[in-house]
Amino acid sequence: MITVLLADDDPAARQSLRTIVDSSGDLRVVAEAWDGRSAIDQARVLLPDLVLMDIRMPGTDGIAATRALRRLPAPPAVVALTAFGDDAYVEQALAAGAVGFLLKDTPPGELLGALRNVAQGGAVFAPAVTGKVIDVMTGDGPQAALVQSLTDRQLDVLRLLAHGLSNQEIGAELGMTEGTVKGHVSQILERLGAANRVAAARIAYRAGLCDQ
């Protein structure tokens, strides 16, 4: 069972998300948070696999909360939630450590699929913000030397990771077990000094690996 913490200051939004998640059969909401501070406090105790994090909340907002969650000993994967047109927050969310960015009106089936993908190690982005994500990923940066330090196999894994594939999908593509892929991903993150998969993907894009 994949455990999920919901963080949104709107009770109606939380109830709607809970209904969708709990109807899945393989995902379960273990807590609801009404602001970033309560999300951090509950995540420390409950250790959820995923956090669906509203970006715009009073007090401690979703960006600050995401940053704090990523510093926990066992950080959950954070998927940022926002209303249409708030793509200005994409870069901040990625920098804070979010591994996904979805709109609040994402259809239930797509939302559940996105959460499952993230639980398997993938990253998800709403089509409406994909252009902004690519802009952020491909900005200037001296990343080529870091990428050149990887083995050929690690480069294959990184390239697929940067395209949003989960560990399971990477394994199927490259003929490796999921455990082997996880090992490669861990080594890639360590060599690149990347905090998570999105940060590694950003380095791959900036180094031009995804153009090859």
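As the structure is a prediction and not an experimental result, all values here were calculated from the model.

Participant: What is the right way to read the overall build of the protein chain from this model?
Facilitator: A count of helical and extended segments in the protein chain gives 11 helices and six strands. Within the span of the protein chain, comprising 212 residues, buried residues form 51% of the whole. For the protein chain, long-range pairs separated by at least 24 residues make up 65% of all intrachain contacts whose partners lie at least 6 apart in sequence. In the structure as shown, the protein chain presents an accessible area of about 9600 Å², 51% of it carried by carbon and sulfur atoms.

Participant: It is not clear to me how helix H2 (residues 36-46) should be interpreted in this structure. Could you clarify?
Facilitator: Side chains of residues three or four places apart in an α-helix project in the same direction, reflecting 3.6 residues per turn. For H2, the complete set of buried residues consists of Gly36, Ser38, Ala39, Ile40, Gln42 and Ala43. Check the buried side of H2 and you find it contacts strand S1 (2-7), strand S2 (27-33), strand S3 (50-54) and helix H3 (62-69). The opening residue of H2, the one whose side-chain oxygen lies 3.3 Å from the backbone nitrogen of arginine 37, is aspartate 35. Leucine 47 occupies a position one or two residues after H2 and carries a positive phi of about 50 degrees.

Participant: So what exactly am I meant to see when it comes to unusual backbone geometry here?
Facilitator: Working note: non-glycine residues mostly have negative phi, and peptide bonds are mostly trans. Even without being glycine, leucine 47 reaches a positive phi, approximately 50 degrees. Of note, leucine 47 is situated in the loop between H2 and S3.

Participant: Even after reading the chapter, I still don't get the nonpolar core, so can you show me in this structure?
Facilitator: Side chains of a nonpolar character, in soluble globular proteins, are inclined to be buried together. By size, the foremost hydrophobic cluster in this structure holds 32 residues, and its most contacted members are Leu27, Leu50, Leu52 and Leu115. Going through the elements one at a time, S1, helix H1 (11-22), S2, S3, strand S4 (77-82), helix H4 (90-96), strand S5 (100-103) and helix H5 (108-119) are the ones with two or more residues in this core. Other than its neighbours up to four places away in sequence, leucine 52 contacts Leu5, Leu6, Ala7, Leu17, Val79, Leu81, Leu111 and Leu115. Counting 23 residues, the second largest nonpolar core, distinct from the first, contains Ala162, Ile170, Val185 and Cys210.

Participant: Would you mind going over the packing of H1 against H5 with me for this structure?
Facilitator: The axes of two packed helices give the description: the angle between them and the distance between them. Where H1 contacts H5, the axes come no closer than 10 Å and their chain directions differ by 70 degrees. Classified by the interaxial angle, the pair formed by H1 and H5 is roughly perpendicular. H5 is crossed by H1, and the crossing has right-handed handedness. Residues Leu17, Ile20 and Val21 of H1 lie in contact with H5, whose contacting residues are Pro108, Leu111, Leu112 and Leu115. Tallied by class, the residues present in the contact of H1 with H5 amount to seven nonpolar, no polar and no charged.

Calculation notes
- Residues numbered from 1 in each chain as written.
- Predicted model: local features only at pLDDT ≥ 70, side-chain atom pairs only at ≥ 80, totals over all residues.
- Heavy atoms only, no water.
- Helix = DSSP H or I, 4+ residues; strand = E, 2+ residues; numbered from the N terminus.
- Buried < 20%, exposed > 50% of the residue type's maximum accessible area, 1.4 Å probe, protein only.
- Contact = heavy atoms within 4.5 Å.
- Areas by Shrake-Rupley, 256 points an atom, 1.4 Å probe, with all protein chains shown as cover.
- Polar contact = N/O pair within 3.5 Å; in protein donor to acceptor, adjacent residues only side chain to side chain.
- Core = buried A, V, L, I, M, F, W, Y, C linked by side-chain atoms within 4.5 Å.
- Axes fitted to C-alpha atoms, helices over the stretch in contact; angles between N-to-C directions.
- Parallel < 35°, antiparallel > 145°, perpendicular 65-115°, else oblique.
- Left-handed = near helix turned anticlockwise from the far one by under 90°.
- Nonpolar A, V, L, I, M, F, W, Y, C, P; charged D, E, K, R; others polar.

Honestly, that's just the spatial picture; any functional story needs more than this.
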